[in-house]
Amino acid sequence: MRTLTRAGVLTAVASAALFAAPSAHATAPGDNGTVKIHDATTGEEPRRNEPHVCTFYLDAFGFDAAQQVDWHIEAWAPTAATKGETVKSGAITLDTDGHGRTEDLSLPDGHYKLFWNFAGEKGAAKHKVFWTDCADDEGSQPGSTPSASASSSASAAASASGSTPSGSAAASSSPSAQGATGDLAETGNGAPVGLLGGLAAALVAVGGYLVFRRRKA
């Protein structure tokens, strides 16, 4: 009877120890959290990682309330001149939901690795590898039209050299002006003034004769 009682007690103690161990591990401060790289134009809600960015920020989720975090970013192969060189660092205190974001950050185009350390962490720091590439955002796209400044510079250069591009307004304005003046001259001189005056006098004389003859009849 005593043997059965002791066996029951030992079984109960072992079961309690098994259930207690996972619970203690699950409550390790902040270890269930994650950090993401976000483009500066991405909102804080999405929990996806964006490994190719220009201007960016660090977005943390699921850490403990008011978690104290220290982070740093290192230059990474293959673009790093010195692998492991810290190029940016900072600290942040997360909110009561274990969420927080840094200010917008920027780095020269290249390959980097983020290290995210927090008080009470178990094991290695959280980390993310990412690329920055701003060249495509700043460069002009293929097929784009020349800028206004380039066009104005070309015009200024042509004016300074004294040459007038073919087909320009300056080259075509002179013939048009001459043609307009010629048309006006032809309109004014098409019928001689003397001929018109003689014809009018003749018409008046004929009319007077017809009236005189009618009265005489």
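Residues numbered from 1 in each chain as written. Predicted model: local features only at pLDDT ≥ 70, side-chain atom pairs only at ≥ 80, totals over all residues. Heavy atoms only, no water.

Draft legend 1. Geometry of the sheet that holds strand β1 (residues 34-39). Spatially, the 3 strands line up as an open sheet ordered β1-β3-β6, and their pairing is antiparallel. Sheet topology places β1 and β6 (100-101) at the edges, where each strand pairs with a single neighbour. (Pairing = 2+ DSSP bridges. Helix = DSSP H or I, 4+ residues; strand = E, 2+ residues; numbered from the N terminus.)

Draft legend 2. The arrangement of the confidence of the model for the protein chain in detail. Overall, the predicted model of the protein chain reaches an average pLDDT of 71, with 53% of residues at or above 70. Contacts of residues 16-27 to residues separated by more than four positions or lying in other chains number 0 contacts, the stretch itself having pLDDT below 50. Of the regions scoring below 50 in pLDDT, residues 163-191 engages in 3 contacts with residues more than four places distant in sequence or in other chains. (pLDDT = per-residue confidence, 0-100. Contact = heavy atoms within 4.5 Å.)

Draft legend 3. Just the nonpolar core, in detail. Counting 19 residues, the largest nonpolar core has F56, L58, W71, I73, L114, W116 and F130 as its most contacted members. When contributions to this core are tallied by element, the ones reaching two or more residues are β1, β3 (56-61), β4 (68-75) and β7 (110-118). Counting residues per element, this core draws most heavily on β7, at 4 residues. Beyond its immediate sequence surroundings of up to four residues, F56 is in contact with I37, H38, D39, A40, I73, E103, D104, L105, S106, L107, F130 and T132. (Core = buried A, V, L, I, M, F, W, Y, C linked by side-chain atoms within 4.5 Å. Buried < 20%, exposed > 50% of the residue type's maximum accessible area, 1.4 Å probe, protein only.)

Draft legend 4. Representation of the state of the cysteines in the model. Evaluated as defined, the whole model comprises 1 disulfide. Paired through a disulfide, C54 and C134 show a sulfur-sulfur distance of 1.9 Å. Its S-S torsion of approximately 110° makes the covalent link between C54 and C134 right-handed. Taken as a pair, C54 in the loop between β2 (52-53) and β3 and C134 in the loop between β8 (126-132) and α2 (135-138) lie far apart in primary sequence, 80 residues in all. By the burial criterion, C54 is buried, and C134 matches it. (Disulfide = S-S within 2.5 Å.)

Draft legend 5. Inspection of the pairing of β3 at higher detail. With respect to burial, β3 is a largely interior element, 6 of its 6 residues being buried. Residue alternation in β3 divides its side chains into two sets, F56, L58 and A60 and Y57, D59 and F61, and both sets are buried. Here β1 pairs with β3 via 6 bridges, running antiparallel. Among the inter-strand pairings, K36 is bridged to a residue of β3, identified as D59. Across 2 bridges, the pairing between β3 and β6 is antiparallel. Paired with A60 across the strands is G100, a residue of β6.

Draft legend 6. Fine view of unusual backbone geometry. Of note, the amide linkage connecting A77 to P78 takes the cis form, showing an omega dihedral of 10°. Mapped onto the elements of the fold, P78 is located in the loop between β4 and β5 (86-93). Look at A66: it is not a glycine, yet its phi comes out positive at around 55°. By the element assignment, A66 lies in the loop between β3 and β4.

Draft legend 7. Expanded view of the environment of A66. Take A66: its relative accessible area is 45%, and that puts it in the partly exposed class. A C-alpha to C-alpha distance of 9.5 Å links A66 and G100, two positions 34 residues apart in sequence. Look past the residues within four positions of A66 in its chain and what remains in contact with it is T93, L94, D95 and T96.

Draft legend 8. Inspection of the pairing of β7 at higher detail. Within β7, 8 of the 9 residues are buried, leaving the element largely enclosed by the surrounding structure. When β4 meets β7, the two strands line up antiparallel, connected through 7 bridges. Following the sheet pairing, W71 is matched in β7 by W116.

Draft legend 9. Spotlight on the pattern of salt bridges. Taken as a whole, this structure holds 2 salt bridges when the rule is applied. Of the charged contacts in the structure, one is a salt bridge between E50 and R48, with a shortest N-O distance of 3.5 Å. The buried category is assigned to E50, whose relative accessible area is 15%. Across the pair R101 and D104 runs a salt bridge whose closest N-O atoms are separated by 2.6 Å. On the accessibility criterion, R101 (29% relative accessible area) is partly exposed. (Salt bridge = Lys/Arg side-chain N within 4 Å of Asp/Glu carboxyl O.)

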